[in-house]
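Listed below are the residues making up each chain.
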Amino acid sequence: MKKEKIKWGIIGLGTIAHQFAKDLMLVEEAELVAVASRNLEKAQEFAEMYDCNNAYDSYDAIINDANVDILYIATPHHSHAALTIKSLQNKKHVLCEKPIALNFNDALQMIQASKENSTFFMEAFWTRFNPSFREAFSKIKNGEIGEVKYINADFAFCANLEGIGNRNTDLKLGGGALLDIGVYPLFLCYIVLGIPNEILAKSNFHKTGADMQTSMILQYENAQAILHSSFVSTSNIKATINGTKGRINLNTLWHQTQSYTLTIDEQDEEVLLPTKGKGFTYEIEECHHCIKENRIESELWSHQNSLELIKMVDEVRNQIGLIYPS
């Protein structure tokens, strides 16, 4: 018996949307039925590339498309809240790219809209669903490396910083390394150790006021973490969780890793768990599971998880003095 497909729409057709659409095609129960950009030609080219019938030059048009079950929102950070809330109010399920919003208050309104409309909503933290991450996290929770005492994680690459309206540097778009990539190391610490007692953070800034380098120390009652994000240098993009009995490395590129290494008594065991596609497939499947179960949130990455993480991000912003115009 042929399974009924869940019909997807995509808002915002940049690089990550292309990666997502490719993985969407690998999920048997998913069907891309509509895409939207502010540029009709761009929308039409995208739609043709992924065998999609409907291309819109209006976000409202795709939100009002009765054939769409769930919308993947991949626009710049500053528009996440408004588009998500409007979609939820129109009874569209939503998977919204990280970061969930520019701040805690916006995120809270998004989640309230999900609850008020009994409609599924999840922040697209794809790392949470990565097979290597899930298995490594399970081993950590089971105590295989003992009590976690220290986490070290970075995410850095040389980004394009030129041009007016560049999303990496434009504060109106929520630009800066913190929101774009710094959220990943913060996510790791939050998942493993929870909310820290104290955060210390320092940044170097672009001339626009967006952070280009941000380093963070997270202080827990019995543990510490040192984290870094940057648009102006490269790094190994590797994460290490260190415990009293051993350690786990989430191997490069750790946020989308294909493997992890478990070290006990200085003996290394590398575990390979290649992803299906780039790895967006697993959060897509989680969305399908929740929708079929009539859930408005995921148990693996819940509304509360998103709220607590963005509150940590807000604290870093306060520490470094980063203010968005909105």
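Residues numbered from 1 in each chain as written. Predicted model: local features only at pLDDT ≥ 70, side-chain atom pairs only at ≥ 80, totals over all residues. Heavy atoms only, no water.

1. Examining the state of the cysteines
With the rule as written, the count across this model stands at zero disulfides. There is no disulfide at Cys-290, and the cysteine sulfur nearest it, in Cys-287, is 6.9 Å away. Residue Cys-290 is classed as buried on the basis of its relative accessible area, which comes to 0%. (Disulfide = S-S within 2.5 Å. Buried < 20%, exposed > 50% of the residue type's maximum accessible area, 1.4 Å probe, protein only.)

2. Some remarks on the layout of surface pockets
If you add up the space inside the largest pocket, you get close to 860 Å³. Forming the boundary of the largest pocket are 37 residues, of which Thr-15, Ile-16, Ala-74, Arg-167 and Asp-180 lie nearest the centre. Where the lining of the largest pocket is concerned, the elements lending two or more residues are α1 (15-24), α4 (80-89) and α7 (177-193). Among the residues forming the lining of the largest pocket, the class breakdown is 16 nonpolar, 14 polar and seven charged. The volume enclosed by the second largest pocket comes to roughly 220 Å³. What lines the second largest pocket is a set of 13 residues, among which Ala-30, Glu-31, Leu-32, Tyr-50 and Asp-51 lie closest to the centre. It is strand β2 (residues 30-36) that contributes the most residues to the lining of the second largest pocket, four residues altogether. Grouping the constituent residues of the lining of the second largest pocket by class yields eight nonpolar, one polar and four charged. (1 Å grid on protein atoms, 1.4 Å probe; cavity = no way out; pocket = protein on both sides within 12 Å on 5 of 7 lines; lining within 4 Å. Points joined across faces, edges and corners; volume = space filled by probe spheres on them. Helix = DSSP H or I, 4+ residues; strand = E, 2+ residues; numbered from the N terminus. Nonpolar A, V, L, I, M, F, W, Y, C, P; charged D, E, K, R; others polar.)

3. A look at the sheet that holds strand β6 (residues 121-124)
Strand order in the open sheet formed by six strands is β3-β2-β1-β4-β5-β6, with parallel pairing between adjacent strands. Strand pairing shows two members of the sheet lacking a second neighbour, β3 (54-56) and β6, which therefore form its edges. When strand polarity is set aside, the average angle formed by the axes of neighbouring strands in this sheet is 25°. Sheet topology note: the strand β1 (residues 6-11)/strand β4 (residues 70-73) ladder contains four bridges and is parallel. By the bridge assignment for β4, Ile-10 is matched with Tyr-72. Together, β1, β2, β4, β5 (93-97) and β6 form the strand contacts of helix α8 (residues 281-292), whose direction differs from that of β1 by roughly 125°. (Pairing = 2+ DSSP bridges. Axes fitted to C-alpha atoms, helices over the stretch in contact; angles between N-to-C directions. Contact = heavy atoms within 4.5 Å.)

4. Focus: the pairing of strand β10 (residues 224-230)
The pairing of strand β7 (residues 148-156) with β10 spans seven bridges and is classified as parallel. Within β10, the position partnered with Asn-152 by the bridge is Ile-226. Here seven bridges tie strand β9 (residues 211-219) to β10, and the two strands are oriented antiparallel to one another. Paired with Thr-214 across the bridge in β10 is Ser-229. Between the end of β9 and the start of β10, which pair antiparallel, lie four residues.

5. Here we look at the sheet that holds β7
Read across the open sheet, the eight strands follow the order β8-β9-β10-β7-β11-β12-β13-β14; overall the sheet is mixed. What marks the edges here is a single partner per strand, and that holds for β8 (198-205) and β14 (267-272). Sheet twist, expressed as the mean angle between neighbouring strand axes with direction ignored, is 10°. Sheet contacts for helix α6 (residues 131-141): β7, β11 (239-243), β12 (246-250), β13 (259-264) and β14; angle to β13, the most-contacted strand, approximately 20°.

Read these as geometric descriptors, not functional statements.
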